Amino acid sequence: MARNVYFGLLAAAAAVIVTLVPIQPVAAMDASMASPAEATVMLLLTDEQQLIDLTNADRASNGVAPVEFDPQTLPIARQRAEMQLGSQSLNHYDASGQLVFAELLSQANLGYSLAGENLARAASIDSSVTQRVEQALMQSPTHRKNILETTFHRLAIGAATDPSTGQIAFAEVYRD
């Protein structure tokens, strides 16, 4: 719902800009004209949104209310995804045994009474990567518990890629 309000406000702002700025012809642009960096960013944004949609579909099919996109937590989710790239094991904890995402939420002054994190990584990006990741998370009892936790109302999903290996990592950060 908040996302719809955001897009509604964005559309309203765009409408105001359109009325104030004269319209001039612009050359048509398609995805093939985007730079590799722009294409990667667009792909990551699409994957992040698809994973939120798949999460909410799983919640709905299990009788759980959907989570809302949490823009305040998005930078943390993206940072956590980037931290998972490489050959090391996926890890929720820092060297002192503290939950990294909880520390980052605290540093950002983002409150919660319950929070959770799911991490996932795939060797390569393709059109079904988000479906495969969501399916794998749902098959893991601890990750499934986060996805279906009724207390969680907000979710940010960050994605990061390693261009040299083609690897993609996801971090889901849930808050109540």
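Before reading further, recall that the structure is shown in the block above.
Keep in mind it's a predicted model, so treat the numbers as computed, not measured. (Residues numbered from 1 in each chain as written. Predicted model: local features only at pLDDT ≥ 70, side-chain atom pairs only at ≥ 80, totals over all residues. Heavy atoms only, no water.)

(A) Quick peek at the pairing of strand E2 (residues 115-122). Taken across its eight residues, E2 has seven buried, putting it largely inside the fold. Bridge count between E2 and strand E4 (residues 167-175): eight bridges; the pairing is antiparallel. Paired with Leu119 across the bridge in E4 is Ala171. (Buried < 20%, exposed > 50% of the residue type's maximum accessible area, 1.4 Å probe, protein only. Helix = DSSP H or I, 4+ residues; strand = E, 2+ residues; numbered from the N terminus. Pairing = 2+ DSSP bridges.)

(B) The arrangement of the packing of helix H3 (residues 74-83) against helix H4 (residues 100-107) in detail. Contact geometry for H3 and H4: axes closest at 10 Å, N-to-C directions at 145°. The handedness of the crossing between H3 and H4 comes out as right-handed. Counted together, Ile76, Gln79, Arg80 and Met83 of H3 and Val100, Phe101, Leu104 and Leu105 of H4 form the full contact between these two elements. Its residues placed into classes, the contact of H3 with H4 shows six nonpolar, one polar and one charged. (Axes fitted to C-alpha atoms, helices over the stretch in contact; angles between N-to-C directions. Left-handed = near helix turned anticlockwise from the far one by under 90°. Contact = heavy atoms within 4.5 Å. Nonpolar A, V, L, I, M, F, W, Y, C, P; charged D, E, K, R; others polar.)

(C) Examining the nonpolar core more closely. Counting residues in hydrophobic clusters, the biggest one holds 19 residues, and the most contacted among them are Val129, Val133, Ile147, Leu155, Ile157, Ile168 and Phe170. Listed by contribution, the elements that provide at least two residues to this core are helix H2 (36-61), E2, helix H5 (129-139), strand E3 (154-162) and E4. Here the element with the most residues in this core is H5; it accounts for four residues. Dropping the residues within four chain positions of it, Val133 is found in contact with Leu51, Ala120 and Phe170. In this structure, Ala77, Phe101, Ala115 and Val173 belong to the second largest nonpolar core, which totals eleven residues. (Core = buried A, V, L, I, M, F, W, Y, C linked by side-chain atoms within 4.5 Å.)

(D) How the structure looks around the side chain of Glu134. Take Glu134: it is sitting in helix H5. It turns out Glu134 is buried and unbridged, and the closest side chain with the opposite charge, Arg144, is 8.4 Å from it. Reaching out from Glu134, the side chain makes a polar contact with the side chain of Thr55 at a distance of 3.3 Å. (Lys, Arg positive; Asp, Glu negative; His and termini not counted. Salt bridge = Lys/Arg side-chain N within 4 Å of Asp/Glu carboxyl O. Polar contact = N/O pair within 3.5 Å; in protein donor to acceptor, adjacent residues only side chain to side chain.)

(E) Quick look at the sheet that holds strand E1 (residues 68-69). The strand order across the open sheet formed by four strands is E1-E3-E4-E2, and the pairing between neighbours is mixed. Every other strand in the sheet has two partners, leaving E1 and E2 as the edge strands with one partner each. Here H4 sits on the sheet in contact with E2 and E4, set at roughly 125° to E2.

(F) Region of the structure containing the pattern of salt bridges. For the structure on display, the rule yields four salt bridges. The salt bridge partner of Arg175 is Asp70, with a shortest N-O separation of 2.8 Å. Residue Arg175 is found in strand E4, and its partner Asp70 is found in the loop between E1 and H3; the two are separated by 105 residues along the sequence. You can call Arg175 buried: its relative accessible area is 1%. For Glu117, the salt bridge goes to Arg80, with nearest N and O atoms at 2.7 Å. Of the two residues, Glu117 sits in strand E2 while Arg80 sits in helix H3, which places them 37 residues apart along the sequence. Judged by its relative accessible area of 1%, Arg80 falls in the buried class.

(G) The arrangement of unusual backbone geometry in detail. Phi at Asn109 takes a positive value of approximately 55°, unusual for a residue other than glycine. Inspection of the secondary structure puts Asn109 in the loop between H4 and E2. Taking relative accessible area as the criterion, Asn109 reaches 71% and is therefore assigned exposed.

Keep in mind these numbers describe shape, not what the thing actually does.
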